[in-house]
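Residue strings, one per chain:
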Amino acid sequence: MSESGPPIADPAGDVALVATGAANLASVTAAFARLGRTCRVVDDPADLLAAEHAVLPGVGAFGPAIDGLRQRGLDQALRQRVEAGRPLLAVCLGLQLLFEGSEESPDAQGLGLLPGRVRRFAPGLRVPQMGWSPVTTSGGPLLHEGWAYYANSYRVADADLAGLQGVACSTSEHGGPFLAALERGPLLACQFHPELSGSWGSDLLRRWLEAPCPPAA
Amino acid sequence: MPARRVIPCLDVRDGRVVKGVQFSGLRDAGDPVERAAAYAAQGADELVILDVSATPEGRGHAAETVAAVRAVLDIPLTTGGGVRTEDDAARLLEAGADKVAVNTAALRDPSLLGRLAARFGRQCVVLSLDAARVGDGWQAVVHSGTERTARDAVAWAREAADRGAGEILLTSWDRDGTRSGYDCPLMAAVSAAVEVPVIASGGADRAEHLAEALRAGADAVLIASILHDGDTTVRQLKEALAAAGLEVRR
């Protein structure tokens with residue numbers, strides 16, 4: 001510790017939680033706190049770019065969430081982070097926003113960082129899907145086999161994953177296989193909630209925090 | 001589909017876990033954070049905290065309890081009791097709940113469900129429905145079972161799901177605390193009437209009862225007194241369910 005003054009605040013050391021408006025951030029914040037990390041909500045593109053680790057959380061509806069990101073210029077900052085290979089964790093609706101669009105808000109355009117569209121679960125199934133399902137390994141370093149907790153009505157169906165290249169995917173089943181999560185370097189996107197998925201989820205968050213990544217530009 | 005869930009419920013009054021029979025005769029059953037951590041370690045799939053404080057002062061502890069539990073809990077947390085407005089729900093969600101259960105206030109003003117779903121997403125909105133047998137059917141009851149409504153419980157469940165409830169916590173008022181088994185016909189009737197998941201509540205004594213409710217169509221089972229008394233553990237119950245051919249997370 002320096003004796004010349006108070007410790008220098010290091011906001012870049014916080015995990016940045018992207019403000020999407022309605023998202024409930026307490027569970028994500030608590031999960032990172034158990035891993036010894038503090039979180040900070042960011043709604044400024046410069047702060048989002050400066051942060052070492054950023055989380056795009058998500059509850060609520062696709063259309064309002066993407067509108068909220070655009071209004072604050074956060075969509076561009078997210079795009080830059082992903083294109084530069086900087087660490088990003090997208091959770092639930094956050095994963096869905098990375099794609100081109102969703103049946104939930106047909107007129108809204110997603111971030112389009114990944115090809116494909118998000119669709120509602122087939123009729124006749126329990127919706128929202130609420131509970132724990134087995135997850136396959138992606139074959140990548142982050143996503144191991146285990147049980148994950150879901151709370152969602154929309155998902156990317158397995159059949160829509162054909163256009164995804166250079167990413168490693170995990171799947172779960174609810175009336176057929178769907179995208180559980182994907183990883184590409186320090187980009188991790190989860191349809192499930194790692195922050196609510198017990199010690200398996202906590203271990204996944206830890207691996208993401210420790211994943212090697214390029215320094216900020 | 002997701003595995004069937006086993007969900008311990010903590011009734012909390014003035015910051016302490018209590019238990020009672022048919023919503024009365026409350027006895028102390030421990031510290032909520034200790035109970036929550038113990039049940040999570042036993043393999044609980046979620047946790048429900050219902051605030052049953054009789055006074056606004058007591059209810060003021062609810063957000064503190066939720067925050068303290070959230071700090072240690074890495075599984076989903078639903079909380080309810082006295083939620084009347086979107087702001088009540090916001091306070092509990094900000095404190096660390098993942099879902100909020102509404103009961104009486106939604107019966108009085110069903111549009112509350114739509115407003116909650118619009119603001120927080122329907123996966124955050126749980127309808128807590130207490131149902132009492134009346135003739136061949138069931139009616140919704142309010143005020144901790146002291147007041148019957150004229151509302152048919154199955155029709156109300158369907159309307160609530162249409163309006164924005166993403167899950168239904170269905171308690172049999174006749175069976176609650178009796179340990180005589182869940183009201184399986186009630187669970188079957190509501191599960192068949194709605195697309196959203198149904199949590200069976202009221203009457204569990206042993207694993208066989210849990211299996212019956214799940215076979216009747218419930219997606220999850222709520223348990224309280226059998227755990228608080230130390231008669232069994234979540235792990236033992238889930239092992240018995242798995243042995244009975246039901247898929248559970250282990």
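For the structure itself, consult the block above.
What comes next concerns the included structure. Keep in mind that this is a model prediction, so the values were computed, not measured.

**Things to note about the sheet that holds strand E5 (residues 101–102) of chain A**
Residues and elements named next belong to chain A. If you trace the three strands from one edge of the open sheet to the other, you get E5-E6-E9, paired in mixed fashion. For this open sheet the edge positions go to E5 and strand E9 (154–155), each flanked by a neighbour on one side alone. Bridge count between E5 and strand E6 (residues 117–120): two bridges; the pairing is parallel. If you follow Ser-102 over to E6, its bridge partner there is Val-118.

**Here's the deal with the side chain of Asp88(B)**
Residue and element names in this part refer to chain B. Along the chain, Asp-88 falls in helix H4 (residues 86–95). The exposure class of Asp-88 is buried, given its relative accessible area of 17%. At 2.8 Å, the side chain of Asp-88 forms a polar contact with the backbone nitrogen of Arg-84. Residues in contact with Asp-88, not counting those within four places in the same chain, are Gly-82 and Val-83.

**Quick look at the pattern of salt bridges**
All names here are of chain B. On inspection of all chains with the given rule, the structure shows 24 salt bridges over all chains. The salt bridge involving Asp-98 is made with Arg-70; its shortest N-O contact spans 2.7 Å. Linking Asp-98 in the loop between H4 and strand E6 (99–102) with Arg-70 in helix H3 (residues 61–72), this pair joins segments that are 28 residues apart in sequence. Asp-231 serves as the salt-bridge partner of Arg-179, at 2.9 Å between the closest nitrogen and oxygen. Residue Arg-179 is located in the loop between strand E10 (167–172) and helix H8 (184–193), and its partner Asp-231 is located in the loop between helix H10 (225–228) and helix H11 (234–243); the two are separated by 52 residues in the primary sequence. The class of Arg-179 is partly exposed, set by a relative accessible area of 24%. In this structure Asp-231 comes out as partly exposed when scored by relative accessible area, which is 48%. Put simply, Arg-179, Asp-205, Arg-206, Glu-208, Asp-229 and Asp-231 are held in one network by salt bridges that share partners.

**Examining the interface of chain A and chain B**
With 30 residues of chain A in contact, the opposing surface of chain B contributes 38 residues. At the boundary of chain A with chain B, total buried surface from both sides reaches about 2,600 Å², with 53% on carbon and sulfur atoms. Of all residues in chain A, Arg126(A), Met130(A) and Trp132(A) bury the most surface against chain B, accounting for 29% of the area lost on that side. There are two salt bridges connecting chain A and chain B. Between chain A and chain B we count 18 residue pairs in polar contact (both at pLDDT 80 or more) in total.

**Things to note about empty space enclosed by the protein**
For the coordinates displayed, the defined rule picks out two cavities of 30 Å³ or more. Each pocket or cavity is described by its volume, and for the largest cavity that value is around 190 Å³. Lining the largest cavity are 19 residues, and of these Val59(A), His193(A), Glu195(A), Leu196(A) and Asp98(B) sit closest to its centre. If you list the elements that add at least two residues to the lining of the largest cavity, you get helix H1 (26–34) and strand E8 (146–152) of chain A.

**Here's the deal with the state of the cysteines**
Inspection of the entire model under this criterion finds zero disulfides over all chains. Free cysteine Cys39(A): the closest other cysteine sulfur is in Cys190(A), separated by 15 Å. Sulfur of Cys9(B): no disulfide; nearest cysteine sulfur belongs to Cys124(B) and is 18 Å away.

**Some remarks on helix H9 (residues 207–215) of chain B**
Buried within H9(B) we find Ala207(B), His209(B), Leu210(B), Ala211(B), Ala213(B) and Leu214(B). Packed against the buried residues of H9(B) are H8, strand E11 (198–201), strand E12 (220–223) and H11 of chain B.

**Here's the deal with the sheet that holds strand E2 (residues 39–42) of chain A**
Residues and elements named next belong to chain A. Strand order in the open sheet made by the seven strands is E2-E1-E3-E4-E12-E11-E10, with mixed pairing throughout. Whereas interior strands pair on both sides, the edge strands pair on one side only; in this sheet they are E2 and strand E10 (168–173). Direction aside, neighbouring strands of the sheet carry axes that sit 20° apart on average. Examined bridge by bridge, strand E3 (residues 53–56) and strand E4 (residues 88–91) share three bridges and lie parallel to one another. Directly across from Ala-54, in E4, lies its bridge partner Leu-88.

Calculation criteria
In every chain, residue numbers begin from 1 and rise along the written sequence. Each chain takes a letter, starting from A, and each ligand takes a number, starting from 1, following the order in which they are written. This being a predicted model, a pLDDT of at least 70 is required before a residue's local features are given, and a value of 80 or more before pairs of side-chain atoms are given or counted; all residues contribute to the totals for chains, interfaces and linings. To obtain the side-chain values, all non-hydrogen atoms of the structure were used and water was disregarded. Note on pairing: two strands pair once DSSP finds at least 2 bridges between them. Counting from the N terminus, the helices are DSSP H or I runs at least four residues long and the strands are E runs at least two residues long. Buried, partly exposed and exposed residues are distinguished by accessible area as a fraction of the type maximum, computed with a 1.4 Å probe on protein chains only: under 20%, between the cut-offs, and over 50%, respectively. For the purposes of these results, a polar contact is taken to be a pair of N or O atoms within 3.5 Å, where, inside protein, one atom must be able to donate a hydrogen and its partner to accept one; residues adjacent in sequence count only when each atom of the pair is a side-chain atom. Two residues qualify as a contact provided that any one of their heavy atoms is within 4.5 Å of a heavy atom in the partner residue. Basic side-chain nitrogens of Lys or Arg form a salt bridge, by our definition, when they fall within 4 Å of a carboxyl oxygen of Asp or Glu. Note on definitions: buried area is the accessible-area loss of two parts on being combined, 1.4 Å probe, summed for both. Points on a 1 Å grid, built from protein atoms alone, make a cavity when a 1.4 Å probe fits but cannot get out and make a pocket when they are open with protein on both sides within 12 Å along at least 5 of 7 lines; residues with an atom within 4 Å of a point are the lining residues. Grid points are joined across faces, edges and corners, and a volume is the space filled by probe spheres set on the points. Only a pair of cysteine sulfur atoms within 2.5 Å qualifies as a disulfide here. Here the axes come from fitting lines to C-alpha atoms, over the contacting stretch only for helices, and the angles between their N-to-C directions go from 0 to 180 degrees.

Structural measurements only, silent on function.
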